[in-house]
Structure formats: C-alpha cells, structure tokens
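Listed below are the residues making up each chain.
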Amino acid sequence: MSTQETEAPTTSAAPEAPDAPQIAVVDPASGRVIQHVPDLDAEAVRRAAERGRAVQPAWAALGFEGRARILRRAQKWVVDHREEIIRTVVSETGKVWEDAQLADYGYGAAAFGFWADNAEKYLAEERVKSASPMSKGKKLLIRYEPLGLVGVIGPWNYPLANSVGDAIPALAAGNSVLLKPSEETPLTSLLMERALLECGMPEGVFQVVTGRGQTGAALIDVVDMIMFTGSTRTGKLVAKAAAEALIPCSLELGGKDAMVVLADADLDRAANQAVFYSMFNAGQTCVSVERVYVEAPVYDAFVAKVVEKARTLRSGVEPSGPGATDVGALTFPPQLETVRRHVDQAREAGATIAVGGNPPEGPGLFYPPTVLTNVDHSMEAMTEETFGPTLPIMKVADVEEAIKMANDSPYGLMASVFTKDAEKGEAVARRLEAGMVHVNAVLMGYLSLELPMGGWKTSGVGARHGVGGIRKYTKTQSIVVSSRMNLKREPYEYPYTGTGYKLVGALNKFLYGRGRRD
Ligand code: NDP
C-alpha cells in the first residue's frame, strides 16, 4: 500500500462544488489518510440530479441492446483492471486481497454481464389473459418503463458489490443513477464512475455524489426511487424519508444469520464453513455466520474442529498483497467498539472465549478471530448484529430447539443448515425465518443473481437480484386495447333503464354463482 496520499479522484458532481469541505479517506489497516473526497451538500446533489434527469431519456432510448453493449464493455473493463480494483477496495476497507477478489471484484465481473444479458428478458412486455368478461376480445399488455432517476445509497463493507452492484440493474433498465457511497469507502465507486465513462456511458447517467449521511438524506429528496443498503437503524430513517417524498424504496438491512448443525452433519465441512463465513471480510458481511446452534451429540466435536481451524488464522497485519494474511482490518472505527462490547459482555455473562478475544493496540482497526462457547440469548453476541470476526456457538438439545433459537431474532436475512439428509435439511430450511436459506452451504446463493436476495423481518423490504431485482427500478404500465367487438354502446352504460341491471346481475350469477360449496 502506498504510504502517501494519492491524487484525489474527482466526482462528476465535484467540479460544481469546488469549495465543498473535504472528507479524509483512511486506510483502516494502517490508519493513514489515503485521499480526500468532497462532502457534497444538498445543492450539489440537486444539480447532479438535474444533470442525471437531462440525459436519462437518451440513455433509455438506446434500448436494451445499446445499454447492454456498454455494460458488457464495463464487464471487460473490470476484468482488465482487476488489480487496480482490488487495490482500491483493499486500501479503503482494510480487507485482505482474497476477500476483495472474491466478493467485490468477482461480483462486479459477473454482475455487469448478467444484467446486460438478462435485462431485456426480465423486462419484456407481457401479454396476459383476463378472467374478467369485460376484457373479452381485448388485448391486455403489461410493460415496464424506467423510473427516471434512481438513488443508490451504499454501506462500507462491500464498496463494489453493494453500492455499484445495485446501480447496474437500474442502469440496465434505462435509468440514470446517483450513487452515494459510504463516506468511509467512496474510492471504489469513483473508480467505477471513471470506468463507465471510459466504456462509453454518456456523462451524467451514472454519477457518484460523495458525502456523509446528510448527502444521502438530500439524495432521497431528488430521486424517483431509493435503493438503500445499510443498517436497520438508518434503513428506518430512509423509509420515513421515502414515505415523505412518496417514492418507492428497497431496503437491504442488517442480519444475524444463524447456522444450524444437526447431529448427522459432515462436521468437517460444517466447521470449515462456519469459520470461513464468520471470519471472511473480518465478519463484516450482512450475510456472515453470526451464530451457530449445534445438536448436543456433536457439539463438542464441532467446537473442537472450529477451535482448531480458527486458531491458525493470521490477523493483525496490513493486507499487503495476496497470501499476506487471513483476516483483515475492520473498516469502520465504531465497529471495533461494537465487537469489543459484544465479546466483553458475553465474557462477563459467563461465555468461554475459546479463541481470540483480545484486540491488539492500534494503529490498525484489528480484532482477532474470536470463538465463543457457553453462550445464550441473554448475550448481545447472540442477538445483536456484531459485524466482526466472532463466532458464538450454542449447544441445543435437538432440531426443534435449533429452529426455535434461530427464529428468535428480529432479523431474517440468511440462514444455513448442515445435515447429510438433504430432504431433512430442506424441511428445516422451510421453517427458518430468513429470505435465503442454504442446506450444507453458506452465502453462495448471493452470487446466483437469478435468485431474489432480500431480508425478512427487520432485515429489509424488497430484494436485489432476480426478476424483482430489476423490475423494482421500473414503473409498470398496463395497456388495454379494444379493437374488436366495439359496440356503439355497452349494455351496462347509460341510460339506466333496469334492463342492463338485470343483465349484469344474471351475468354475475352465471359467472360466479356456480362454484362448488363444500
Ligand atoms: P449505515 O446504515 O450506517 O450507512 C449506510 C449508508 O447510509 C451510508 O452511505 C451512510 O452514509 C448513509 N446514511 C447515513 N445516514 C443517512 C440518512 N439519514 N439518510 C440517508 N443516508 C444515510 O450502514 P453501514 O455503512 O454501517 O453498513 C453496515 C450495515 O449494512 C450493517 O448493518 C449490514 O448488515 C448492512 N448491510 C446489509 C446488506 C444486505 O444486503 N442486507 C449488505 C451489506 C451491508 P455515511 O457512511 O457517509 O454515514
């Protein structure tokens, strides 16, 4: 990583706000300031919105194929600039290179092509038949129009996947996009703004507006729809603001994902996945394994395997390149306090810290991989989102208790169940209260962009990916064309002489009065 601040990237919204106060972007692994970006105010956001709206009709008019050409070029750009992207992500998040490659670079490389290939199919006009007698002989169509200007607000944990990633289907649908990345991690978004311009996207179609929470709040006032990823707390504020502006919102929020390990599970696979998906990205993944419930007969064996694996993980050093370390830094300074609080509180309440638990002194924002046992639901480590490299494991009597404990949460993002009996696993999956559940796997469904990925309960409203993941960026128009049997006057129209009344009554009885009644 460079030791000096590199040249500040510009945002397309920045030239009009030359006097904007600056935000220092810090490498959390070293504590060094690496760049500054402007903290744009509401006026700068409004001007960016005007620019986005002005160019949107021409972008929409390019059609699916015209837009897909540019998105496919962007896919190639991502692949060609792999190292630059990974370096940028690592520098502003403190994550390790492998994590940045798998989840940020890998997601971007896939998503540009996916939406280029599927937008037209997902948004194709549909011809429907209606049961209504009033529609007989008429052509009924459903079509999808871009909303216009979409606002995307993103968190700091996956600056490419969760910020730019959500902009891609919005762009593919024909919208202009204003993206407000987290103030902690704006550099990847700015890099991708440059990428899209180089790939031929007209100026103003995709703009990054850097800033803090107020910039995000200002964004909601000027867009036609808001796609938000972040904490449940901020998500509620965004939903209120969207209600005030009367615009749709889609919310991807926090999680406390449970893993259930049944007595017949492949314990090596389960232990490996538990360790990997709790520590990956230093645990700062909305869909990481945040808590584990293990059936009593295999609890000790499972814990022993997890402890053995977690002990070998390297952390606490700067991620200087591939292979340098296993678990990177935390990205967001207050997050270190949350992790510390959850672990310390659990320890005081009687939990055993089987691995880790003692964070090193700075300068980097590091917390060591930590495994907790003897935990229960009186501890925040089991009930609140920790978002750090911690793995609390709880013993349960049987599958019924595992399901009950897993569902004892305000969150419902993802969950997983491990068992060699796939049928039993699927039956358990259906009873877990989460938007996506894996059997003998964790998280991978996130990368199947055909599958809707959204949270239940306080983990979100709406979903990304799948058909709904692009239709939410459109407005539906239904068209009814009456070209045949166009009578001069329909029998139910004026004047009301009583004949039409009888006729419509008889028709209703004929249509709806003959159903089976048991
Ligand atoms: P926050 O909710 O703190 O922030 C998210 C974004 O909202 C940031 O860009 C933030 O700006 C901005 N923001 C803050 N206040 C407002 C406001 N009043 N109006 C509009 N925007 C505002 O989340 P984090 O960045 O801390 O991200 C971590 C959270 O994200 C975790 O809870 C995690 O589970 C969740 N998440 C959910 C995912 C999912 O798919 N369900 C995926 C990834 C993360 P700034 O940073 O500048 O303050």
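All of these numbers come straight from a predicted model, not from anything done at the bench.

Attention now moves to the layout of surface pockets. Empty pockets left among the atoms are what a rolling probe the size of a water molecule brings to light. Counted as a void, the largest pocket has a volume near 1100 Å³. In terms of lining, the largest pocket is formed by 42 residues, of which the most central are W156, G230, S231, R233 and T234. At 6 residues, the largest contribution of residues to the lining of the largest pocket is made by helix α8 (residues 232-245). Split into classes, the residues belonging to the lining of the largest pocket amount to 16 nonpolar, 16 polar and 10 charged. Each of domain 1 (39-253 + 467-475) and domain 2 (258-452) gives at least three residues to the lining of the largest pocket.

Here we come to the site of the ligand. In the neighbourhood of the ligand, 30 residues make up the surrounding shell, with G154, K180, S231, C286 and E385 lying closest. Between an oxygen atom of the ligand and a side-chain N or O atom of W156, the distance comes to 2.8 Å. At 2.7 Å from an oxygen atom of the ligand is found a side-chain nitrogen or oxygen belonging to S231. Notes on the ligand: free accessible area 910 Å², of which the protein chains cover 89%. Placement of the ligand is best described as lying within the largest pocket. Taken together, the elements giving at least two residues each to the shell around the ligand come down to α7 (213-220), β8 (225-229) and α8. With 3 residues, α7 is the single largest residue contributor to the shell around the ligand. In the shell around the ligand, the residues fall into 11 nonpolar, 13 polar and 6 charged. Shared between two domains, the shell around the ligand holds at least three residues of each, these being domain 1 (39-253 + 467-475) and domain 2 (258-452).

Our focus in this paragraph is unusual backbone geometry. Note that the residue after Y494, namely P495, is joined by a cis bond; omega there is 0°. Within the secondary structure layout, P495 lies in the loop between β20 (474-482) and α16 (499-512). The phi torsion at K457 lies on the positive side, around 50°, for a residue other than glycine. As for its placement among the helices and strands, K457 is situated in strand β18 (residues 456-457). The phi dihedral of H465 is positive, around 75°, even though this residue is not glycine. Summarising the element assignment, H465 is placed in the loop between β19 (460-461) and α15 (468-471).

Our next topic: the UniProt feature "active site" (unreviewed entry) in the chain. In this numbering, the UniProt entry assigns the feature "active site" (unreviewed entry) to E252. One can find E252 in strand β9 (residues 249-252). The class for E252 is buried, based on a relative accessible area of 4%. When near neighbours in sequence (up to four residues on either side) are disregarded, E252 contacts M227, F228, T229, G230, M453, G454, G455, S459, G462, A463 and R464.

Next up on the list: the packing of helix α3 (residues 82-93) against helix α4 (residues 97-122). To describe two helices that pack against each other, one gives the angle between their axes and the distance between the axes. At a minimum axis distance of 9 Å, the contact between α3 and α4 shows a crossing angle of 110°. Classified by the angle their axes make, α3 and α4 are roughly perpendicular. Of the two elements, α3 crosses α4, and the hand of that crossing is right-handed. Contact with α3, carried on its side by R82, E83, I86, R87, V89 and V90, involves W97, A100, Q101, D104 and Y105 of α4 and no other residues of that element. The residue makeup of the contact of α3 with α4, split by class, is 6 nonpolar, 1 polar and 4 charged.

What counts as what
Once a new chain begins, its residue numbering starts again from 1 and follows that chain's sequence as written. pLDDT decides what is reported in this predicted model: residues at 70 or higher carry local features, side-chain atom pairs at 80 or more are listed and counted, and totals for whole chains, interfaces and linings draw on all residues regardless. Excluded from the side-chain calculations are hydrogens and water; all other atoms, namely the structure's heavy atoms, are used. In the cavity and pocket records, a cavity denotes points on a 1 Å grid over the protein atoms alone where a 1.4 Å probe fits but cannot get out, a pocket denotes an open set with protein on both sides within 12 Å along at least 5 of 7 lines, and lining residues are residues with an atom within 4 Å of a point. Grid points are joined across faces, edges and corners, and a volume is the space filled by probe spheres set on the points. Strands are runs of DSSP state E lasting at least two residues, helices are runs of H or I lasting at least four, and both sets are numbered from the N terminus onward. Three classes are used, and their members are as follows: Ala, Val, Leu, Ile, Met, Phe, Trp, Tyr, Cys and Pro are nonpolar, Asp, Glu, Lys and Arg are charged, and the others, Gly among them, are polar. Source of the domain bounds: an automatic or database domain assignment. Proximity is defined per residue: any heavy atom of the residue falling within 4 Å of a molecule or strand makes that residue near it. We call two N or O atoms a polar contact when they sit within 3.5 Å, provided that within protein one can donate a hydrogen and the other can accept it, with sequence-adjacent residues counted only if both atoms are side-chain atoms. Here the open area of atoms and residues is found with the Shrake-Rupley method and a 1.4 Å probe, where only the protein chains shown may cover a residue. The way we define it, a molecule is inside a pocket or cavity when more than half of its atoms are within 2 Å of that pocket's grid points. UniProt positions are given in the numbering used here, feature names are shortened, and annotations may be inferred rather than shown by experiment. Per-residue accessibility, obtained with a 1.4 Å probe over protein chains only, is compared with the maximum for each type, and a residue is labelled buried under 20%, exposed over 50%, and partly exposed between these values. Any pair of residues with heavy atoms lying within 4.5 Å of one another is described as a contacting pair. Fitted lines through C-alpha atoms give the axes, limited to the stretch in contact for helices. The angle between two N-to-C directions lies from 0 to 180 degrees. Small angles under 35 degrees read as roughly parallel and large ones over 145 as roughly antiparallel, with 65 to 115 read as roughly perpendicular and the rest as oblique. The hand of a helix crossing depends on one turn: near helix anticlockwise from the far one by less than a right angle means left-handed, and clockwise means right-handed.

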